[in-house]
Amino acid sequence: PETGCLSIVVLGASGDLAKKKTFPALFNLFRQGFLQPDEVHIFGYARTKISDDELRNRIRGYLINDKNASPEQVEKLSKFLELIKYVSGSYDSEEGFRLLDKEISEHELSKNSVEGTSRRLFYLALPPSVYPSVCKMIRNFSMNKSDLGGWTRIVVEKPFGKDLESAEQLSTQIGELFEEPQIYRIDHYLGKELVQNLLVLRFANRFFLPLWNRDNIDNVQIVFREDFGTDGRGGYFDEYGIIRDIIQNHLLQVFCLVAMEKPVSLKPEYIRDEKVKVLQSVLPIKDEEVVLGQYEGYRDDPTVPDQSNTPTFATVVLRIHNERWEGVPFVLKAGKALNSRKAEIRVQFKDVPGDIFKCKKQGRNEFVIRLQPSEAMYMKLTVKQPGLEMSTAQSELDLSYGQRYQGVSIPEAYERLILDTIRGDQQHFVRRDELKAAWEIFTPLLHRIDDGKMKPLPYQPGSRGPAEADALLAKAGYVQTHGYIWIPPTL
Ligand code: BG6
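Residues numbered from 1 in each chain as written. Predicted model: local features only at pLDDT ≥ 70, side-chain atom pairs only at ≥ 80, totals over all residues. Heavy atoms only, no water.

1. Quick word on the site of the ligand
As a reminder of what qualifies: Note on definitions. A residue lies near a molecule or strand when any single heavy atom of the residue is within 4 Å of it. Between N or O atoms, a polar contact is any pair within 3.5 Å; within protein, one atom must be a potential hydrogen donor and the other a potential acceptor, and residues adjacent in sequence are included only when both atoms are from side chains. A 1.4 Å probe and the Shrake-Rupley method give the accessible areas. Residues count as covered only by the protein chains that appear here. Cavity: a set of points on a 1 Å grid over the protein atoms alone where a 1.4 Å probe fits but cannot get out. Pocket: an open set with protein on both sides within 12 Å along at least five of seven lines, its lining residues, like those of a cavity, having an atom within 4 Å of a point. Each molecule is checked against the cavity or pocket grid, and it sits inside if more than half of its atoms lie within 2 Å of the grid points. Strands here are runs of E lasting at least two residues and helices are runs of H or I lasting at least four, both read from the DSSP assignment and numbered beginning at the N terminus. Only Asp, Glu, Lys and Arg are considered charged, only Ala, Val, Leu, Ile, Met, Phe, Trp, Tyr, Cys and Pro nonpolar, and every remaining residue, Gly among them, polar.
Around the ligand, 13 residues are found, and the nearest of them are Y189, K192, E226, D245 and Q372. Separating an oxygen atom of the ligand from a side-chain N or O atom of H188 is a distance of 2.7 Å. Q372 places a polar side-chain atom, nitrogen or oxygen, 2.7 Å from an oxygen atom of the ligand. Relative to its unbound accessible area of 390 Å², the ligand is 81% covered by the protein chains. In a pocket analysis with a 2 Å cut-off to the grid points, the ligand is assigned to the largest pocket. The element best represented in the shell around the ligand is helix α8 (residues 234-259), accounting for three residues. For the shell around the ligand, the residue count by class is three nonpolar, three polar and seven charged.

Listed below in structure tokens is the structure:
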């Protein structure tokens, strides 16, 4: 791995994303020894005029809980905070970015006097409206020093535009300033343990190879549920809605990994090539295969317009036109203010032909990957009911991570993704053509919703969402198993 000076610049340092996700992830990497104090310096950049210590105090509470912290943790924390400097400036002024450059350079020279590199990582914890101007400022005034070598990388996060056109415009603006290998588009679902496991699961197991196709699989669901509403984010959310917030990015990324063909190798470009291919094979979405919902009370939020047509729930059926998947519905479902919080992939197999047990009514084989909470994979299958009778029952082969990997702590998505950025591995980041293909799938539907041609159905907060969504699922072929639920094992 590369060594030498590494400067991590968090732009938008006092914002929510930085406080809740970026700094905690950096601290965790530091704690585990991935950020060496003799190499790394962290810079916070934002408009507010505050001192280094004020920034440190603002983020401190997000890093550890002072009340329960051990003396070692407190010590680690102060070591970490010492690495952080604050620079204030606007997002479109030469002055601010020249100052930033000066501060970074001083650090590079002081630590790099013998040998080393100028590695600069810019994390844009900012609204996308300022991406173009910030990128321009970085490009003009704050790039790594070529005589020291190293690199400059930019980390950005959704929303990347609101539809195909605006996304392409943003991509072009950034693309004129930075090359694709310098741009890291985060989709934090790609940093989740069980999402990263998908590739291994599918392509390293003989079990799945022959089954993973239209001959055996009846339907696939990719589901995201939250049991809280848009709490305090109504203003942002109303501009985007659940399809842009969750489905077009997080669920579609998971979809790619479930449905794509085997990549030539693990090289990031090969993996991303396959993702693009499967996205390009998705057929246009049909209105009758969409159910939208909006929870009652959503419009009570003062930042949400009274007439808002924004969906907080959506079920969308995607159909892939290729040899492996023709005829298999992929049902993507996401909702806020539902009755539970979980994210899972549910692969339902076809009925057993020539069944001699008459057990169809009991349920079909399912392979479920629970992304969160309680990470797990389980296979729902039919077994003989233990006892004297020859009767059948539903049971499961269960790989629950909490039980199987006791004492292993699963890293936060952002931790992994930042580490990948430092290492220069783009496998778990969204490539420009992938983003474009994703927008191509959803833009026509989004425009129909934006134009008020499709309306969300009301649903009760704390419910399963509109009943029409269950009806659509059934129509797509999903057969619900009655009288069986999987209970995560307790330790
Ligand atoms: C974000 C969305 O990208 O993902 C939020 O903007 C959502 O609306 C969040 O709550 C969910 O992430 P996670 O990791 O908690 O599933």
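Alright, that's what it looks like, and here's the rest.
2. A word on the pattern of salt bridges
Here is the rule we go by: Any Lys or Arg side-chain nitrogen located within 4 Å of an Asp or Glu carboxyl oxygen qualifies as a salt bridge. Relative accessibility under 20% of the residue-type maximum defines a buried residue, over 50% an exposed one, and the middle range a partly exposed one, all with a 1.4 Å probe and only protein chains included.
Within the structure shown, the criterion is met by 36 salt bridges. For D450, the salt bridge identified is with R244, shortest N-O distance 2.8 Å. Placement of D450 in helix α12 (residues 432-450) and of R244 in helix α8 is noted, with a sequence separation of 206 residues between them. On the accessibility criterion, D450 (46% relative accessible area) is partly exposed. Where R319 meets E289, a salt bridge forms, and the shortest distance between an N and an O atom there is 2.9 Å. A residue pair is termed long-range when its members are at least 10 positions apart, and R319 in strand β9 (residues 313-319) and E289 in the loop between α9 (268-280) and β8 (290-295) qualify at 30 residues.

3. Notes on the sheet that holds strand β4 (residues 118-124)
Basically, it comes down to this: Being paired, for any two strands, means DSSP has found at least two bridges between them. Each axis is a line fitted through C-alpha atoms, and for a helix only the stretch in contact is used; angles between axes span 0 to 180 degrees, taken between their N-to-C directions. Should any heavy atoms of two residues lie within 4.5 Å, those residues are counted as being in contact.
Strand order in the open sheet made by the six strands is β3-β2-β1-β4-β5-β6, with parallel pairing throughout. Of all strands in the sheet, those with a lone pairing partner are β3 (84-88) and β6 (183-186), marking the two edges. For this sheet, the mean angle separating the axes of adjacent strands, direction not counted, is 20°. Where strand β5 (residues 151-157) meets β6, four bridges bridge the pair, whose relative direction is parallel. Counted as the bridge partner of V156 is R185 from β6. Along the sheet face, helix α2 (residues 52-63) touches β2 (40-46) and β3 and points at about 115° away from the line of β3.

Coordinates in, geometry out; function isn't part of it.
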